[in-house]
Structures are given as C-alpha cells and as structure tokens.
Amino acid sequence: MDASDDSAAPWDRDPSSHPLVTPRVKRVGTELFYRISSGEYSFGTRIPAERELAEEFKESRTTIRQALEFLEHFGVVARRAGSGTFVAYRQAEQRRAKDTSLARPDVSALAETVSPFEMNIARTIIEPEIVRLAAIYMSIRDLTALGALMRQLDGIVTDAQMFAELERRFLMTICEGTHNSLLIAMYRIVNEIRRQPEWSANKTRTLTPARIREALQGLRSLYSALERRNVDTAVECMRLYMSSTQEDLMYASP
C-alpha cells in the first residue's frame with residue numbers, strides 16, 4: 001500500500017510504529033477510523049461511549065477501550081477522562097485547504113510595528129486557550145514530541161539563545177497538539193514575530209541563568225499537567241508562565 005495514500009489508515013501508512021494489538025482490536029479501530037475519515041464522525045465531535053460501541057460491535061468493553069487507545073496512539077482521537085473520546089483527525093486535503101486559504105502576512109513589517117504590550121495582549125488571549133485545547137486533543141505522539149523538547153530544555157543552564165528557540169518550539173508543539181489548523185496558523189505568526197532579530201535579542205537579554213531556572217520550573221509544571229490531561233491546571237500553569245515572562249520583556253524592550 002502506498003504510504004502517501006491519505007485514505008489509508010495511519011497504521012498502514014506508518015507500519016514502523018505499529019503497536020502490538022489483537023486482530024479484533026485492529027478490526028474495531030479500522031472501522032472507527034473509516035467512519036471518521038468518511039465524515040460520519042467529524043473533527044472535534046465526541047464519538048459514542050465505550051458501552052454503546054461494545055454493544056454495536058458485539059465486543060467487550062476492554063476490546064473497545066484498547067481500540068480507542070490504538071486510535072489515540074496515531075492521533076486519530078483524543079481521550080479525556082470524564083468527558084469521552086473526541087475526533088482529532090483530518091484528511092490531508094482538508095488540512096491543506098485550510099492552510100492555503102490563509103493569507104500570509106508580512107511578518108517583518110508586523111515585527112516592526114507590534115509593541116511588546118500588543119504582543120502580550122495577543123498571547124494572553126490565545127495561549128491559555130491553546131493549552132486548554134491541547135490538554136484535550138494532544139495525541140500520544142504529540143506528548144512524546146513535547147517530552148523530547150522538555151528533556152532538551154532541561155539540559156540548558158546558561159545558553160539563552162538556545163533556550164529561547166527551544167521554548168518557542170515547545171509552545172508551538174503544544175499548539176500543533178490542538179489539531180486546529182486556523183489556531184496553528186495564527187500562532188505561527190506570533191512565533192515568527194518572536195523570532196525576528198529585535199524580538200529575539202530582547203528575549204535573550206532577559207534569560208539570565210536564574211531566569212532560565214525559573215522558566216524551566218514553569219515549563220515542567222505545564223508539561224506535567226498536559227501529560228496528565230489536567231485542563232484547569234495546565235491553563236493555570238500557562239497563565240503563571242506568561243505572567244513571569246511578560247514583565248521581563250516589557251523592561252527589556254528598548
């Protein structure tokens with residue numbers, strides 16, 4: 001099967017990361033995937049409860065649960081304790097259509113006119129909501145990628161430039177974990193502005209070894225809350241992290 005065929009199930013396109021499951025679990029997972037890819041269960045909607053699926057498929061709830069875990073591994077669904085299982089998958093052509101429909105602004109021009117105050121307002125509005133959605137929709141793969149970045153960040157003691165770059169990638173990975181194309185495109189603009197020379201220099205000036213240690217503590221708390229899918233704690237960690245960094249940037253700006 002062609003690995004680039006987006007109509008195929010993710011485990012057929014990427015067999016190298018296929019977890020070990022029984023044929024029954026794979027059968028249920030495959031049927032649920034085709035319902036999702038056909039639009040029967042659309043992006044962001046909650047799929048039927050385990051009990052209903054067990055009755056429909058005439059399988060045990062254990063098999064259904066394992067099938068949902070299988071789908072979660074490939075980012076097809078996102079599971080949240082107490083709320084249910086939500087569709088996190090989009091066809092490639094849907095993702096491309098959303099991405100190409102968004103006009104690309106002149107980031108350099110924006111970077112010259114946007115003030116630190118305006119940037120802080122924008123981030124205050126969108127970053128807590130990004131974290132809220134990520135806590136629900138991040139797949140196991142998303143969390144694995146985020147964990148790898150967290151480990152790289154943990155190794156930084158004094159390299160302010162590297163820390164700033166990894167921090168941007170860490171926050172972008174959280175945003176990508178929302179699987180919301182429009183939100184991702186918007187946040188890429190924010191990150192691109194922050195990477196412009198003047199903005200990057202201001203950020204680097206604030207990152208003393210002491211500030212790096214404090215920032216790492218905040219990022220660790222945020223990662224832990226996302227890993228546990230604790231929505232309220234994750235949002236609060238994001239707000240605390242933002243408040244601890246925004247004032248530094250205001251004073252660092254020329």
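Every chain begins its residue count from 1, and numbering advances along the sequence as written. Given that this is a predicted model, residues contribute local features only at a pLDDT of at least 70 and side-chain atom pairs are listed and counted only at 80 or more, while totals for whole chains, interfaces and linings are drawn from all residues. To get the side-chain values, all heavy atoms of the structure are used, and hydrogens and water are removed first.

Asks: I'd love a proper account of the overall build of the protein chain, names of residues and values included.
Replies: Per the secondary structure count, the protein chain includes 13 helices and 2 strands. Accessible area is worked out with a 1.4 Å probe on protein chains only. A residue is then buried under 20% of its type maximum, exposed over 50%, and partly exposed in between. Out of the 254 residues in the protein chain, the part that is buried amounts to 46%. Within the protein chain, contacts between residues separated by at least 24 positions form 73% of all contacts whose residues are at least 6 apart in sequence. Summed over all atoms, the accessible surface of the protein chain reaches about 12,900 Å², with 53% contributed by carbon and sulfur. Each helix corresponds to a stretch of at least 4 residues labelled H or I by DSSP, and each strand to a stretch of at least 2 residues labelled E; elements are numbered beginning at the N terminus. Two residues qualify as a contact provided that any one of their heavy atoms is within 4.5 Å of a heavy atom in the partner residue. Surface accessibility follows the Shrake-Rupley procedure with a 1.4 Å probe radius. Residue values consider only the protein chains on display as shielding.

Asks: How would you explain the pairing of strand 1 (residues 77–80) if you had to name every residue and give the values?
Replies: Within a regular beta strand, the side chains point alternately toward one face of the sheet and then the other, so they alternate between its two faces. What makes two strands pair is DSSP finding at least two bridges between them. Note: strand 1 against strand 2 (residues 84–87), 4 bridges, orientation antiparallel. Each bridged residue has a counterpart across the sheet, and for Arg80 the counterpart in strand 2 is Gly84. Following strand 1, the chain reverses through 3 residues before pairing antiparallel with strand 2; Gly82 in that reversal takes a positive phi of roughly 85°.

Asks: Give me the lowdown on the environment of Arg195, citing residues and values where you can.
Replies: Within the secondary structure, Arg195 sits in helix 10 (residues 181–195). Arg195 sits 88 residues away from Val107 along the chain, and the two C-alpha atoms are 9.9 Å apart.

Asks: How would you sum up helix 8 (residues 140–154)? Please name residues and give values.
Replies: Helix length check: helix 8, at 15 residues, gives a terminal C-alpha distance of 21 Å against a target of 21 Å (1.5 Å per residue), a fit within 8%. Along helix 8, the positions that sit buried rather than exposed are Asp142, Leu143, Leu146, Gly147, Leu149, Met150 and Leu153. The arc that holds the buried residues of helix 8, viewed along the axis, is 165°, so those residues lie on one side. Each helix should span, by expectation, one fewer than its residue count multiplied by 1.5 Å. Arc definition: directions from the helix axis to the C-beta atoms.

Asks: Can you lay out the nonpolar core for me, pointing to particular residues and giving the numbers?
Replies: The biggest cluster of nonpolar side chains holds 51 residues, and the ones touching the most others in it are Phe163, Phe170, Ile174, Leu222 and Leu226. When residues of this core are traced back to their parent elements, those giving at least two are helix 7 (116–137), helix 8, helix 9 (160–176), helix 10, helix 12 (209–227) and helix 13 (231–252). The leading source of residues in this core is helix 9, at 9 residues. Setting aside residues no more than four positions away along its own chain, Phe163 makes contact with Leu153, Ile156, Leu207, Ile212, Ala215, Leu216, Leu219 and Tyr241. Listed in part, the 22 residues of the second largest apolar core include Val28, Leu53, Ile64 and Val87. For this analysis, a nonpolar core means a set of buried residues of the types Ala, Val, Leu, Ile, Met, Phe, Trp, Tyr and Cys, connected via side-chain atoms within 4.5 Å.

Asks: Provide a residue-level description of the packing of helix 3 (residues 50–57) against helix 4 (residues 61–73), including the pertinent values.
Replies: Between N-to-C directions, angles span 0 to 180 degrees; the directions come from axes that are lines fitted to C-alpha atoms, helices contributing only their stretch in contact. Across the interface, helix 3 lies against helix 4 with an axial gap of 9 Å and an inter-helix angle of 110°. It follows that helix 3 is roughly perpendicular to helix 4 by the angle criterion. Along this stretch, helix 3 crosses helix 4, giving a crossing that reads as right-handed. Contact residues: Glu50, Arg51, Leu53, Ala54 and Phe57 in helix 3; Arg61, Ile64, Arg65 and Leu68 in helix 4. In terms of residue class, the contact of helix 3 with helix 4 is built from 5 nonpolar, no polar and 4 charged. In this scheme, roughly parallel covers angles under 35 degrees and roughly antiparallel covers those over 145, while 65 to 115 is roughly perpendicular and the rest are oblique. Crossing handedness follows the turn of the near helix against the far one: under a right angle anticlockwise gives a left-handed crossing, and clockwise gives a right-handed one. Ten residues, namely Ala, Val, Leu, Ile, Met, Phe, Trp, Tyr, Cys and Pro, are considered nonpolar, four, namely Asp, Glu, Lys and Arg, are considered charged, and the remaining ones, Gly among them, are considered polar.

Asks: How would you summarise the side chain of Arg35 if you had to cite specific residues and measurements?
Replies: Looking at the element boundaries, Arg35 is found in helix 2 (residues 23–37). According to the relative accessible area criterion, Arg35 is buried, its value standing at 9%. Within the structure, Arg35 has its side chain in polar contact with the side chain of Glu56 (distance 2.4 Å). With sequence-adjacent residues up to four places away left out, Arg35 is seen in contact with Glu40, Tyr41, Glu56 and Phe57. For this analysis, a polar contact is any N or O atom pair within 3.5 Å, provided that within protein one partner can donate a hydrogen and the other can accept it, and provided that sequence-adjacent residues contribute only side-chain to side-chain pairs.

Asks: Let's hear about the pattern of salt bridges: which residues, and what values?
Replies: Think of a salt bridge as a Lys or Arg side-chain nitrogen and an Asp or Glu carboxyl oxygen that are within 4 Å of each other. Considering all chains together, one arrives at 15 salt bridges under this definition. Across the salt bridge formed by Arg79 and Glu50, the nearest N and O atoms sit 2.6 Å from each other. One end of the pair, Arg79, is in strand 1; the other, Glu50, is in helix 3, with 29 residues separating them in the sequence. For Glu50, a relative accessible area of 13% gives the class buried. A salt bridge links Glu72 to Arg229; the shortest N-O distance between them is 3.2 Å. Of this pair, Glu72 sits in helix 4 while Arg229 sits in the loop between helix 12 and helix 13, and the two are 157 residues apart along the sequence. A relative accessible area of 10% places Glu72 in the buried class.

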